[in-house]
Every structure is written in C-alpha cells, then in structure tokens.
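Listed here are the chains, written in short residue letters.
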Amino acid sequence: PVSASWLGYGYTTGMTAIDYYMADENLLPIGSEHLFSEKPWRLPTPGYAFRPAEGMGSISPLPALENGFITFATLSRAIRINHRTIGVWAAILKRFKNAKLIINSRNYQTAAAQDQMALKFAEHGIERTQLDIGFESPPWDLMRKTDICLDCFPHNSGTTLAEHLYMGIPYITLADRPSVGLIGGGILIGVGHPEWIAKTEDEYVEIAVALASDLPKLAALRASLRGEMEASGQMDEPKFARKMESAYQEMFNIWSKKHP
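Residues numbered from 1 in each chain as written. Predicted model: local features only at pLDDT ≥ 70, side-chain atom pairs only at ≥ 80, totals over all residues. Heavy atoms only, no water.

So, on to the packing of helix α5 (residues 159-166) against helix α8 (residues 215-231). Between α5 and α8, the least distance of the axes is 7 Å, while the angle of their chain directions is 120 degrees. In terms of their interaxial angle, α5 and α8 are classed as oblique. On α8, the residues that touch Ala162, Leu165 and Tyr166 of α5 are Leu225, Arg226, Met229 and Glu230. Grouping the constituent residues of the contact of α5 with α8 by class yields five nonpolar, no polar and two charged. (Axes fitted to C-alpha atoms, helices over the stretch in contact; angles between N-to-C directions. Helix = DSSP H or I, 4+ residues; strand = E, 2+ residues; numbered from the N terminus. Parallel < 35°, antiparallel > 145°, perpendicular 65-115°, else oblique. Contact = heavy atoms within 4.5 Å. Nonpolar A, V, L, I, M, F, W, Y, C, P; charged D, E, K, R; others polar.)

Strand order across the open sheet formed by six strands is β6-β5-β4-β7-β8-β9, with parallel pairing between neighbours. Both edges of this open sheet fall to β6 (131-134) and β9 (197-198), since each of them pairs with a single strand only. Where strand β4 (residues 71-74) meets strand β7 (residues 148-150), two bridges bridge the pair, whose relative direction is parallel. Residue pairing for β7: alanine 73 is matched across the bridge by cysteine 149. Lying on the sheet, helix α7 (residues 201-212) is in contact with β4, β7, β8 (171-174) and β9; it crosses β8 at an angle near 170 degrees. (Pairing = 2+ DSSP bridges.)

For any pair of aromatic rings, the description rests on two quantities: the centre-to-centre distance and the angle between the ring planes. Evaluated as defined, the whole model comprises eight aromatic pairs. Seen from their ring centres, tyrosine 11 and phenylalanine 36 are 5.6 Å apart, and the 65 degrees between their planes marks the pair as edge-to-face. With tyrosine 11 in the loop between β1 (4-6) and β2 (20-24) and phenylalanine 36 in the loop between β2 and β3 (39-43), the pair connects residues that are 25 residues apart, well separated along the chain. For the cation-ring pair, arginine 226 lies above tyrosine 166, with the distance from its terminal atom to the ring centre recorded as 3.9 Å. (Phe/Tyr/Trp six-rings, centres within 6.5 Å; stacked < 30°, edge-to-face > 60°. Lys NZ or Arg CZ within 6 Å of the ring centre and 35° of its normal.)

For the rest of this paragraph, the subject is the pattern of salt bridges. Summed over all chains, the structure comprises eight salt bridges. With a shortest N-O distance of 3.3 Å, aspartate 176 and arginine 84 are connected by a salt bridge. Of this pair, aspartate 176 sits in the loop between β8 and α6 (183-191) while arginine 84 sits in helix α2 (residues 83-95), and the two are 92 residues apart along the sequence. Connected through shared salt-bridge partners, Arg84, Asp176 and Glu201 make up one network. (Salt bridge = Lys/Arg side-chain N within 4 Å of Asp/Glu carboxyl O.)

This part covers the packing of α5 against α6. At a closest axis distance of 9 Å, the pairing of α5 and α6 adopts a crossing angle of 35 degrees. Seen from above, α5 lies across α6 with right-handed handedness. Contact residues: Leu161, Ala162 and Leu165 in α5; Gly184, Ile187, Leu188 and Val191 in α6. Grouping the constituent residues of the contact of α5 with α6 by class yields six nonpolar, one polar and no charged. (Left-handed = near helix turned anticlockwise from the far one by under 90°.)

Strand order in the open sheet made by the three strands is β1-β2-β3, with parallel pairing throughout. The open sheet has two free edges, formed respectively by β1 and β3, since each of these has just one partner strand. Looking at each pair of strands side by side, their axes are set apart by 30 degrees on average, direction ignored. As paired elements, β1 and β2 share three bridges and run parallel to each other. Each bridged residue has a counterpart across the sheet, and for serine 5 the counterpart in β2 is tyrosine 21.

Now the structure itself:
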C-alpha cells in the first residue's frame, strides 16, 4: 500500500500517487520540500551502496607525472553539458595551457557531434588540441588516463562519479538545486571529501586549479581513494540494506496507523 521512489530517477516523479521520495540528507536539505510532489524521506548519508563493476581493474599511476600535463575528464551524457559548464571548464583550461579535457559519452560517437562540442569551446578561446572528444566503453582505461574529473551542473552525474573515486580520481562538483544538483556532493560527503564541493562557479575553478597544481598530493590521493571508499559507508552493503529495511518498516507503520 506504500510506494516510494529512490535512486533510479534523481528528482521528483511529479506524481502525488507516489508517497515518498527517498534520498540522503544532503540531497534533501530542510526547506526543499516544496520541490517534490512526494514527501521527502531522508536517509542517513550515503543514501545508496556502491558495488564496483566487474573488470574495472587496478588503479594506474598519476598520468600527469608521465605526461607532463593535467588531464581533466567528464564522462557524462551530453544533455548535462550546458553553457555554464562549458564556460567554467574553459576557464580551467585557460589556467593550464597544456592541459587536456576528455569529453566522452555515447553522445559523441559521430564526427558531427564532436565538432559541435568543440565549436562551443572555441567560443571561449579553447583550441581543439586541448579537447579529446569521443566514445569509449567500458571507460576504465579512459579513467586510468584521467587525473581529475569534472562534474556537470546544475544536474550532477551519478554512478560515474563514484566510479572515478574508486579508480583513484578526485572530482569537483558544484552544489546546486536539490536534488539533482546535490548528487555529486552527497557522494563526496559519503567518502569524506566535502572540500571538493564548490558553492560558486569561481570556487569550482579554484578547487580544480588547486588540485591540478599539487601533483604529489594528487598522486597520494590516487593511491588512497579506493581504500577510503572501501572503508566508508558507501560500500557497506549489509549496513545499507538494514537502513533501507528500517525505512520501509517505518513507512508501513505510518500507513498502518492511518488504516487500522
């Protein structure tokens, strides 16, 4: 008799027939209730459990140490990349003239789609030589070539961000509107790195520049992030299962009291 929406779609369903929208406390801050047709149900952070895909393999040494330049990457769908993200990413690339930005997803399989994206960066003075646009699946080897991941906004990425952390790659996210604009921040809070959450576009740029300017620290992060993630609640599947079961039981208890 109780229905709830969780994880598969990162925002309200728009249907009052769904009783609850479930997400962690970061994605559903107090005061955001008016954005949801459902009643927000807040889970302790993190509001999910991450299990690595088969074949992800080992973590590579920091690519920048061998390449002599920083490689940024975004593996998000094209629909999440807009004039705001392109402007901010271009500002980062201008701070590192020899840096590369990988833009990789199923949406960039054709030369026409690749050229169209390159033109948008050209409007900000970014040469095509700084861009590596295409599609590669699975992306594990691509991640082994990446130093820093750049999250999209106002709609953040999701599983891909957790995968980057598991491969030793830090990412920068911009906290925007609940709940799709807080997905990246929720993952970082869960793994213990809220310092990579920007509140403004300028702060996003400065966090990226700081990370890219300290290669020894970046290399140490690459070696430690997987272990940090494995030790966090994000990969404690039994604990997460108990958390969800407790939520379901409480939802049913609420319903039962209304329908004795």
